[in-house]
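What follows is the residue order along each chain.
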Amino acid sequence: MGYNRQQLIEAVSSQMPEKRWLHTQGVMDTAVKLAEQYGANPEKADLAAILHDVAKYWTVQKLEEVLVSNGYQGDLLQYDKPLWHAEVGAIVAERDYGITDPEVLDAIRYHTSGRVGMTLLDKIVCLADYMEPGRDFPGVNNIRELANHSLEEALIAGFDSTISFLITRKQIIYPRMLLARNDLIKQLEANS
Ligand code: DGI
Ligand code: FE
Ligand code: FE
């Protein structure tokens, strides 16, 4: 318990290859900037970003064991394994690193799929994960442009890109991501 920021950084970076740590640093910088721009708490954005991919390189067996041993009741185990590290990240942030702030834990938990009713911090961490400077996929520059004026529009473009990618690869789409995307569109309509 009681890890300070530097200790967290050491603990997290030691569990991943260099390139993933560089990605994490990009997410930290981007999430802090977005938090300042959109009026969220930058310290919370930084903390969630540090931890968001902590379990990315854990084995499938370990991820499953954490979910099962923590009595996980959701539907993730029926969906693809690349989704599991987000929920496990939130569990280990609390259990192993003493993070208690539910906003930070949720931003980690929903960073891959989003959810209906995303908080400002959820949106910032999820979007920072899409647009950090190291990301290079078709459409990423459009997402960065959209982020200058709308978190929701940028996130929708991010989810659309993931969904299109999964469709071209004939992969299963986690329904929560579709629900999160639809909810963001409703939020935009409500504000227009
Ligand atoms: O962990 P990162 O690579 O930084 O980013 P992420 O947490 O957004 O995870 C992205 C990975 O998860 C990527 O390989 C695509 C995959 N993914 C995201 N949503 C879905 C998914 N895979 C499947 N099969 N279904 C999904 O709905
Ligand atoms: Fe991730
Ligand atoms: Fe990430």
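The rules behind each value
Residues numbered from 1 in each chain as written. Chains lettered and ligands numbered in written order. Predicted model: local features only at pLDDT ≥ 70, side-chain atom pairs only at ≥ 80, totals over all residues. Heavy atoms only, no water. Helix = DSSP H or I, 4+ residues; strand = E, 2+ residues; numbered from the N terminus. Buried < 20%, exposed > 50% of the residue type's maximum accessible area, 1.4 Å probe, protein only. Donors = N, O, S within 2.8 Å, 3.2 Å for Na, K, Ca; no water. Phe/Tyr/Trp six-rings, centres within 6.5 Å; stacked < 30°, edge-to-face > 60°. Salt bridge = Lys/Arg side-chain N within 4 Å of Asp/Glu carboxyl O.

Visitor: Would you mind going over the environment of Ile156 in detail, with residue names and values included?
Guide: Considering the arrangement of structural elements, one finds Ile156 in helix H9 (residues 151-168). Of the residues examined, Ile156 reaches a relative accessible area of 10% and is grouped as buried. Along the backbone, Ile156 and Leu184 are 28 residues apart, and their C-alpha atoms lie at a distance of 6.8 Å.

Visitor: Summarise the coordination of the iron ion (ligand 3); cite the residues concerned and give the values.
Guide: Protein-derived coordination of the iron ion (ligand 3) comes from His23 (NE2), His52 (NE2), Asp53 (OD) and Asp129 (OD), at a distance range of 2.2 Å. Mapped onto the sequence, the residues coordinating the iron ion (ligand 3) show the spacing H-x28-H-D-x75-D. The distance between the iron ion (ligand 3) and the iron ion (ligand 2) is 3.6 Å, with Asp53 acting as a donor to both metals. Residue His23 is found in helix H2 (residues 18-38), and its partner His52 is found in the loop between helix H3 (42-51) and helix H4 (60-69); the two are separated by 29 residues along the sequence. His52 matches His23 in its accessibility class, with the two residues each being buried.

Visitor: Break down the coordination of the iron ion (ligand 2) for me, with residues and values.
Guide: Distances from the iron ion (ligand 2) to its protein donors, Asp53 (OD), His85 (NE2) and His111 (NE2), fall at 2.1 Å. Site description for the iron ion (ligand 2): donor spacing in sequence, D-x31-H-x25-H.

Visitor: Just give me the short version of the packing of aromatic side chains, but keep the residues and values in it.
Guide: Tallying each qualifying case throughout the model produces four aromatic pairs. Measuring from centroid to centroid gives 4.9 Å for Tyr3 and Tyr97, while their planes differ by 90°, and the two rings are edge-to-face. Note that Tyr3 is positioned in the segment before helix H1 (5-13) and Tyr97 in the loop between helix H5 (84-95) and helix H6 (102-109), a separation of 94 residues in sequence. Tyr3 sits in the partly exposed class, given a relative accessible area of 36%. Seen in terms of ring centroids, Tyr79 and Tyr174 are 5.0 Å apart; in terms of plane orientation they differ by 55°. Their pairing is tilted. Highlighted residues: Tyr79 in the loop between H4 and H5 and Tyr174 in the loop between H9 and helix H10 (175-190), separated in sequence by 95 residues. Feature note: the residues Tyr130, Phe137 and Phe159 constitute an aromatic cluster, connected by ring pairs.

Visitor: Summarise the pattern of salt bridges; cite the residues concerned and give the values.
Guide: Pairing is possible between side chains of opposite charge, provided their charged atoms come close. The tally for this structure, following the rule as stated, stands at 12 salt bridges. Among the ionic pairs, Arg95 bridges to Asp96, the shortest N-O distance being 2.9 Å. Judged by relative accessible area, Arg95 falls into the partly exposed class, the value being 42%. The shortest N-O distance in the salt bridge between Arg135 and Asp129 comes to 3.1 Å. Overall, Asp129 belongs to the buried group, its relative accessible area being 9%. Among the charged side chains, a network of salt bridges with common partners joins Glu87, Asp106, Arg109, Arg115 and Asp122.

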